[in-house]
Amino acid sequence: DTGVSQDPRHKITKRGQNVTFRCDPISEHNRLYWYRQTLGQGPEFLTYFQNEAQLEKSRLLSDRFSAERPKGSFSTLEIQRTEQGDSAMYLCASSPWTSNYGYTFGSGTRLTVV
Amino acid sequence: AQRVTQPEKLLSVFKGAPVELKCNYSYSGSPELFWYVQYSRQRLQLLLRHISRESIKGFTADLNKGETSFHLKKPFAQEEDSAMYYCALSGDAGGTSYGKLTFGQGTILTVHP
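Given the structure is predicted, the values throughout are model-derived calculations rather than measurements.

Draft legend 1. How the structure looks around the overall build of chain A. When helices and strands are counted, chain A shows zero helices and 11 strands. Order of helices (α) and strands (β) in chain A, N terminus to C terminus: β-β-β-β-β-β-β-β-β-β-β. Against the compact-globule benchmark of 13 Å for 114 residues, chain A has a radius of gyration of 13 Å, which places it among compact chains. Counting only C-alpha atoms and orienting by the principal axes, one finds that chain A spans roughly 40 × 25 × 25 Å. Out of the 114 residues belonging to chain A, those deemed buried represent 48%. Restricting to contacts in chain A with at least 6 residues of sequence separation, those with at least 24 account for 53%. Summed over its atoms, the accessible surface of chain A is roughly 5,800 Å², and 45% of this surface lies on carbon and sulfur atoms. Between the centroid of the 14 positive side chains of chain A and the centroid of its 12 negative side chains there is a distance of 5 Å.

Draft legend 2. Molecular detail of the sheet that holds strand β3 (residues 19-21) of chain B. Residue and element names in this part refer to chain B. Read across the open sheet, the three strands follow the order β3-β8-β7; overall the sheet is antiparallel. Looking along the sheet, the strands with just one partner apiece sit at the ends: β3 and β7 (60-61). Sheet analysis places β7 next to strand β8 (residues 72-74), joined by two bridges and oriented antiparallel. Counted as the bridge partner of T60 is K73 from β8.

Draft legend 3. Representation of the nonpolar core in the model. All names here are of chain B. W35, L72 and Y85 are the most contacted members of the largest nonpolar core, which has 25 residues in total. When contributions to this core are tallied by element, the ones reaching two or more residues are β2 (10-14), β3, β5 (32-38), β6 (45-49), β9 (83-90) and β11 (107-112). Ranked by the residues each element gives to this core, the list is headed by β9, at four residues. If we skip the residues at most four places from it in the chain, L72 touches V19, E20, L21, W35, L47, L48, F59, T60, A61 and Y85.

Draft legend 4. Structural detail: the packing of aromatic side chains. Summed over the entire model, instances satisfying the criterion amount to 15 aromatic pairs over all chains. Where Y35 of chain A meets F103 of chain B, the ring centres are 5.6 Å apart and the plane angle is 90°; that geometry is what we call edge-to-face. Within this pair, whereas Y35 of chain A is found in strand β4 (residues 31-37), its partner F103 of chain B is found in strand β10 (residues 101-103), the two belonging to separate chains. Taken individually, Y35 of chain A and F103 of chain B each receive the classification buried, so the pair is uniform in this respect. Put simply, the rings of Y33, Y35, F45, Y48, Y103 and F105 of chain A together with F34, Y36, Y86 and F103 of chain B touch in pairs and so form one group of aromatic residues. Looking at R22 of chain A, its charged tip hangs above the ring of F74 of chain A, at a distance of 3.9 Å from the centre. K100 of chain B extends its terminal NZ or CZ atom over the ring of F45 of chain A, reaching a point 4.5 Å from the ring centre.

Draft legend 5. Structural detail: the pattern of salt bridges. All names here are of chain A. The final tally for this structure, using the stated rule, is seven salt bridges over all chains. Its salt-bridge partner being D24, residue R22 comes within 2.7 Å of it at the nearest N-O pair. Taking the relative accessible area as the measure of exposure, D24 reaches 28% and is therefore partly exposed. Close ionic contact of R64 with E83 constitutes a salt bridge, the shortest N to O distance being 3.4 Å. Pair noted here: R64 is in the loop between β6 (53-57) and β7 (65-68) and E83 is in the loop between β8 (75-79) and β9 (88-95), with a separation of 19 residues, a long-range link. Where salt bridges share partners, they join R64, E83 and D86 into one cluster.

Draft legend 6. Expanded view of the pairing of strand β3 (residues 19-24) of chain A. All names here are of chain A. The alternating pattern of β3 places V19, F21 and C23 on a buried face and T20, R22 and D24 on a face that is not buried. By the bridge criterion, three bridges tie strand β1 (residues 5-7) to β3 in an arrangement that is antiparallel. Paired with S5 across the strands is D24, a residue of β3. Pairing analysis gives five bridges linking β3 to β8, with the strands arranged antiparallel. Within β8, the residue paired with V19 across the bridge is I79.

Draft legend 7. How the structure looks around the state of the cysteines. One pass over the full model with this rule turns up two disulfides over all chains. Covalently, C23 of chain A is tied to C92 of chain A through a disulfide, its sulfur atoms 1.9 Å apart. Across the S-S bond of C23 of chain A and C92 of chain A the torsion is about -70°, and the bridge reads as left-handed. Pair noted here: C23 of chain A is in strand β3 and C92 of chain A is in strand β9, with a separation of 69 residues, a long-range link. Residue C92 of chain A is classed as buried on the basis of its relative accessible area, which comes to 0%. The disulfide bridge from C23 of chain B ends at C87 of chain B, spanning 2.0 Å between sulfur atoms.

Procedures and definitions
- Residues numbered from 1 in each chain as written.
- Chains lettered and ligands numbered in written order.
- Predicted model: local features only at pLDDT ≥ 70, side-chain atom pairs only at ≥ 80, totals over all residues.
- Heavy atoms only, no water.
- Helix = DSSP H or I, 4+ residues; strand = E, 2+ residues; numbered from the N terminus.
- Rg over C-alpha atoms; globule rule 2.2 N^0.38 Å.
- Buried < 20%, exposed > 50% of the residue type's maximum accessible area, 1.4 Å probe, protein only.
- Contact = heavy atoms within 4.5 Å.
- Areas by Shrake-Rupley, 256 points an atom, 1.4 Å probe, with all protein chains shown as cover.
- Lys, Arg positive; Asp, Glu negative; His and termini not counted.
- Charge placed at Lys NZ, Arg CZ, Asp CG, Glu CD.
- Pairing = 2+ DSSP bridges.
- Core = buried A, V, L, I, M, F, W, Y, C linked by side-chain atoms within 4.5 Å.
- Phe/Tyr/Trp six-rings, centres within 6.5 Å; stacked < 30°, edge-to-face > 60°.
- Lys NZ or Arg CZ within 6 Å of the ring centre and 35° of its normal.
- Salt bridge = Lys/Arg side-chain N within 4 Å of Asp/Glu carboxyl O.
- Disulfide = S-S within 2.5 Å.

What follows is the structure, given as structure tokens:
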């Protein structure tokens, strides 16, 4: 297991296009989190899953954003009709749920909307 | 609502000098506090957790519930400590926000030779 993997590393898209990001967590981790980070800010929570159940979504997650974790393993984050304000680093992290050891983060997907 | 404040965006010290990165939080219960670090061109990684009372790379942090602070300290800074540091908070066990982290805005530490 090489840790948390995110794909792609970089994505440049035109405004109005849809994009999808993938996250593969550490296999034995039940929880998976998505965060967004813009320049000069700390990571902002978007949503998280426990196994395949999406337990919480931030108010930041507009209806253009959707996330899935269909089999409790990998997760996808889709942004529809992208806007320039969606440009950010999208971070995925995973953790076991039985104890609070903190997260293991992926390298992130940097989205640029032009 | 839970909130984490890191009042300094930038902190510069010379090698060998003591360093303290400040973190204040707002939370009504008994939070769990963390420090994360991001070195240049690397992913965000856990530095230490208050619950384990550990010292990692010479850094320590003490949870002060009276002052709602969790400052990160190191007595003698090294050049390799230069990085972005984030303080983060998780709600208490049994609560809905347990395990979900709220991050501060981060402090860029630069250690000069």
